[in-house]
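# Structural overview
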Amino acid sequence: MKILHLDTNHELLIEQLAQAGFTNHEDYTSTKPEIEAKIGEYDGIVLRSRFTIDKQFLDAATNLKFIGRVGAGLENIDCDYAEQKGVYLVSAPEGNRNAVGEHSLGMLLSLFNKLNKADAEVRQGKWLREANRGIELDGKTVGLIGYGNMGKAFAKKLRGFDVEVLCYDIKANVGDANAKQVTLAEFQEKVDVVSLHTPQTPLTVNMINAEFINAVKKPFWLINTARGKSVVTTDLMNALKSEKILGAGLDVLEYEKASFENLFTSSMPEAFQYLIDTENVLLTPHVAGWTIESKEKLAQTIVDKVLAKFC
């Protein structure tokens, strides 16, 4: 089988596939039309998020047997059409779930203790102790929307705290010893923290909007290490202004391009400028799942799944 690699990844991915007898070609610079012109030669492709795999691409990939996406989500792939064509879809949420869990916890603790604000002030010679008095996580109710690989990893990290962890998911019976599954109404009644761990689907786009925010009984903190389009940024801005949302940790943004490699599709939106200027918002560039360890684990997960299917 011939595999075309469209993004750089950990070297073990190509090394182990080659050891198993696969032929590996790398093309990290050609345009999408140039790739489409030759994709019919290949049995598999491996990519991160370089471009979307749509119907036109899949129609050109006449011999394609699998797509390996070195990451958790598959929203850049027309999954229904690929499956109609018998293409095996491989993703690797197991590879970066621990990284996402740690990043989510780090964001939450940083917000509660005003670490980014205090750090910036000390660097400017300001020593404002009372203004940087934090709050403790113990005693809070943390609500997770989506309880798959990422949600479970975050819940596991929370075991060391005296917190109640609730989860809401469209799938039944996903709760476990680390999180109690509840209805959306109970979730919104009890939570102090809302953390998103869902893929991007029609159900999750614009999920955190004014209606959802206003239905939560208490003012709450928001963590999003999932997908940016799940949060309506203008509604988040308004909730921060009214203090219905007490603070937000955002690793992903509504305005990201689909490739995840660049921030904006156009000029800077007003709502995002507000987030930049607000001290109780913590921003990172879609790196919750990007650690030294996860780079290796993501690649290994793809290799293991491909070999299990085709060897």
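Look above for the structure.
Let us look at the structure shown here. (Residues numbered from 1 in each chain as written. Predicted model: local features only at pLDDT ≥ 70, side-chain atom pairs only at ≥ 80, totals over all residues. Heavy atoms only, no water.)

### With respect to the sheet that holds strand 11 (residues 245-250)
Pairing between sheet strands relies on hydrogen bonds along the backbone, with the strands arranged either parallel or antiparallel. Reading across from one edge, 8-7-6-9-10-11-12 is the order of the seven strands in this open sheet, with parallel pairing throughout. Edge positions in the sheet fall to strand 8 (180-181) and strand 12 (281-283), since each of these pairs with one other strand and no more. Summarising the sheet, strand 6 (residues 141-145) and strand 9 (residues 193-196) pair through four bridges and their orientation is parallel. Within the sheet, the bridge partner assigned to Val 142 lies in strand 9 and is Val 193. Strands in contact with helix 10 (residues 233-242) are strand 10 (220-224), strand 11 and strand 12; relative to strand 11, the strand with the most contacts, it is inclined by about 140 degrees. (Pairing = 2+ DSSP bridges. Helix = DSSP H or I, 4+ residues; strand = E, 2+ residues; numbered from the N terminus. Contact = heavy atoms within 4.5 Å. Axes fitted to C-alpha atoms, helices over the stretch in contact; angles between N-to-C directions.)

### A few points about the environment of Glu 270
Turning to its location among the elements, Glu 270 is positioned in helix 11 (residues 270-277). By relative accessible area, Glu 270 is classed as exposed at 62%. Taking C-alpha positions, Glu 270 is 9.5 Å from Thr 233, a pair spaced 37 residues apart along the chain. (Buried < 20%, exposed > 50% of the residue type's maximum accessible area, 1.4 Å probe, protein only.)

### Re the pattern of salt bridges
Counted under the stated rule, the structure contains 15 salt bridges. Two residues, Glu 102 and Lys 157, come together in a salt bridge whose shortest N-O distance is 3.9 Å. With a gap of 55 residues between them, Glu 102 in helix 5 (residues 93-112) and Lys 157 in helix 7 (residues 149-157) connect regions that are remote in the sequence. For Glu 102, a relative accessible area of 48% corresponds to the partly exposed category. A salt bridge links Asp 192 to Lys 218; the nearest nitrogen and oxygen atoms lie 2.9 Å apart. Placement of the pair is Asp 192 in the loop between helix 8 (184-190) and strand 9 and Lys 218 in the loop between helix 9 (210-215) and strand 10, with a sequence separation of 26 residues. Given a relative accessible area of 14%, Asp 192 falls into the buried group. Linked by salt bridges that have partners in common, Lys 180, Glu 186 and Lys 190 make up one network. (Salt bridge = Lys/Arg side-chain N within 4 Å of Asp/Glu carboxyl O.)

### Remarks on a negative patch on the surface
Together, Glu 11, Glu 15, Glu 293 and Glu 296 make up a negatively charged patch on the protein surface. As for its position among the elements, Glu 15 is in helix 1 (residues 11-19). Among the residues examined, Glu 15 registers a relative accessible area of 43% and is labelled partly exposed. (Patch = residues over 30% accessible without salt bridge, like charges linked within 9 Å, V, L, I, M, F, W, Y side chains within 5 Å. Areas by Shrake-Rupley, 256 points an atom, 1.4 Å probe, with all protein chains shown as cover. Lys, Arg positive; Asp, Glu negative; His and termini not counted. Charge placed at Lys NZ, Arg CZ, Asp CG, Glu CD.)

### Some points on a positive patch on the surface
A contiguous patch of positive charge on the surface is contributed by Arg 97, Lys 156, Arg 159 and Lys 297. For Lys 297, the location among the structural elements is in helix 12 (residues 292-310).

### Points about the nonpolar core
Core analysis: the largest hydrophobic core is formed by 29 residues, its most contacted members being Leu 196, Ile 208, Leu 222 and Leu 236. Those elements that place two or more of their residues in this core are strand 9, helix 9, strand 10, helix 10, strand 11 and helix 11. Element by element, the count of residues in this core is highest for helix 10, at four residues. Excluding residues that lie within four positions of it along the chain, Leu 196 makes contacts with Ile 145, Met 207, Ile 208, Leu 222, Ile 223, Asn 224, Thr 225, Ala 226, Ser 230 and Val 231. With 21 residues, the next largest nonpolar core counts Leu 105, Leu 144, Ala 155 and Val 163 among its residues. (Core = buried A, V, L, I, M, F, W, Y, C linked by side-chain atoms within 4.5 Å.)

### Quick word on empty space enclosed by the protein
Summed over the entire model, instances satisfying the criterion amount to one cavity of 30 Å³ or more. A per-class count over the lining of the largest cavity returns six nonpolar, two polar and one charged. (1 Å grid on protein atoms, 1.4 Å probe; cavity = no way out; pocket = protein on both sides within 12 Å on 5 of 7 lines; lining within 4 Å. Points joined across faces, edges and corners; volume = space filled by probe spheres on them. Nonpolar A, V, L, I, M, F, W, Y, C, P; charged D, E, K, R; others polar.)

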